[in-house]
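Residues per chain are reported as follows:
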Amino acid sequence: MKCGPPFAIASTVEEDLEIKAHPTLFVMKNIALILLCCTPLIMSAADSTPAATAPASAAPTTPPLQNLQTFRLWAGDAPLAQGQDPKTDVPTIQAYLPAAGKATGAAMVIFPGGGYVNLSMTNEGSKIAQWLADNGIAAFIVKYRLGPKYHHPAEMLDGQRAVRFVRTYAPAWNIDVNHIGIIGFSAGGHMASTLATHFDAGKPDDADAIEHASSRPDLQILLYPVITFTDEASVHKGSRQALLGADPSDDLKLLLSNEKQVTAETPPAFIAHSFTDPVVPIANSDAYVAALEKANVPVVYLRGPYGGHGFGLTDKWGPQCIAWLRTQKF
């Protein structure tokens, strides 16, 4: 039997629904498996309940094993959990590793978009993971909790935990702990910009060893991102309501308007947005870029006629993004 770290769930191939589902992914051949002796924690493909887990206080010593394995982000219930439904209440991360001969030692954590109510797990998930892996970068697709069942800070906690999780297990994946970035699309871009502006260096006194790791990403890539919750002319109201509720306070809207939260510690950024976007106005990216520049944070901004909203991976930005990643030693 294969075995993995605490929180492991069986790697299963599911029908690609684009909404709240794990992606169907091409299973890469000839991946070397590391076989370790450990208590089996992987659930069977037919089992709909979450996998058995180690105590939250257990130090993460058993590494993940193979491409396409999916792991729970928390051993037990996630913070603020309202149930135990694997589809809605259990945030997960799926490892998608490059071939050993291609691996650069860097990783990207992927946040698909969907207005904080759905997740585009193919166009902004598995296709992006495949592209990154083809370029030697380990990819990790996050299934984070969504509205209207969950509101802030549950989503942010899931995102921060995903970065901590990858950083904690980085040595097992041959990943440099200082080369872990994030990439987000649309509302997933809001998640990514939230992680880039709301982070901590880790919680060394926490009983959960994963919480000891920093949640700060080393760089950020944002595609047609939701950014502002205060500029009524530019805000994507659906994302705001799904994340913050129907009547959020002005203070909460300000806190999650990430163009207002940029500091000199915000990581370098690559951003692409179409000025023909009819869903998330390009003013979102304009404001964020202006804030980054004011704080002297390095940024590459592609602002052009890229085809509206939700265009996913295209040659309009993909090659330039990889070239930029190489300058960042990714």
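Refer to the structure presented above.
The notes below deal with the structure included here.

Procedures and definitions
Residues numbered from 1 in each chain as written. Predicted model: local features only at pLDDT ≥ 70, side-chain atom pairs only at ≥ 80, totals over all residues. Heavy atoms only, no water. Helix = DSSP H or I, 4+ residues; strand = E, 2+ residues; numbered from the N terminus. Contact = heavy atoms within 4.5 Å. Core = buried A, V, L, I, M, F, W, Y, C linked by side-chain atoms within 4.5 Å. Buried < 20%, exposed > 50% of the residue type's maximum accessible area, 1.4 Å probe, protein only. Phe/Tyr/Trp six-rings, centres within 6.5 Å; stacked < 30°, edge-to-face > 60°. Lys NZ or Arg CZ within 6 Å of the ring centre and 35° of its normal.

**Details of the side chain of Asp158**
Among the structural elements, Asp158 can be located in helix α2 (residues 154-169). Other than its neighbours up to four places away in sequence, Asp158 contacts Leu73, Trp74, Pro91, Tyr144 and Arg145.

**Here we look at the nonpolar core**
Phe140, Ile183, Ile221, Trp317 and Leu325 are the most contacted members of the largest nonpolar core, which has 84 residues in total. Looking at which element gives the most residues to this core, the answer is α2, with six residues. Not counting residues within four places of it along the chain, the set of residues in contact with Trp317 comprises Trp131, Ile183, Phe185, Leu223, Phe270, Ala272, Leu302, Phe311 and Gly312.

**Section: the packing of aromatic side chains**
Within this structure, the stated rule accounts for 13 aromatic pairs. For the pair Phe111 and Tyr144, a centre-to-centre distance of 6.2 Å together with 55° between the ring planes defines the contact as tilted. In this pair, Phe111 is assigned in strand β4 (residues 107-111) and Tyr144 in the loop between β5 (138-143) and α2, connecting sequence segments 33 residues apart. In this structure Phe111 comes out as buried when scored by relative accessible area, which is 0%. By relative accessible area, Tyr144 is classed as buried at 3%. Taken together, a centroid distance of 4.8 Å and an interplanar angle of 55° make the contact between Phe165 and Tyr169 tilted. Highlighted residues: Phe165 and Tyr169, both in helix α2, separated by four residues, approximately one helical turn. Here the two residues Phe165 and Tyr169 agree in accessibility, since each one is buried. Within the aromatic cluster, the residues linked to one another by ring pairs are Trp131, Phe185, Tyr224, Tyr306, Phe311 and Trp317. Positioned above the aromatic ring of Tyr150 is the side chain of Arg145, whose terminal nitrogen or guanidinium carbon lies 4.9 Å from the ring centre.

**Some remarks on the side chain of Ser215**
Looking at the secondary structure, you find Ser215 in the loop between α3 (187-197) and β7 (220-223). The residues touching Ser215, leaving out its near neighbours within four places in the chain, are Gln160, Val163, Arg164, Arg167, Leu195, Phe199 and Asp200.

**Things to note about unusual backbone geometry**
Geometrically, the link from Gly147 to Pro148 is a cis peptide bond, its omega value of 0° lying close to zero. Within the secondary structure, Pro148 is located in the loop between β5 and α2. A cis geometry characterises the amide bond from His152 onward to Pro153, with omega recorded as 15°. Position of Pro153 relative to the elements: it lies in the loop between β5 and α2.

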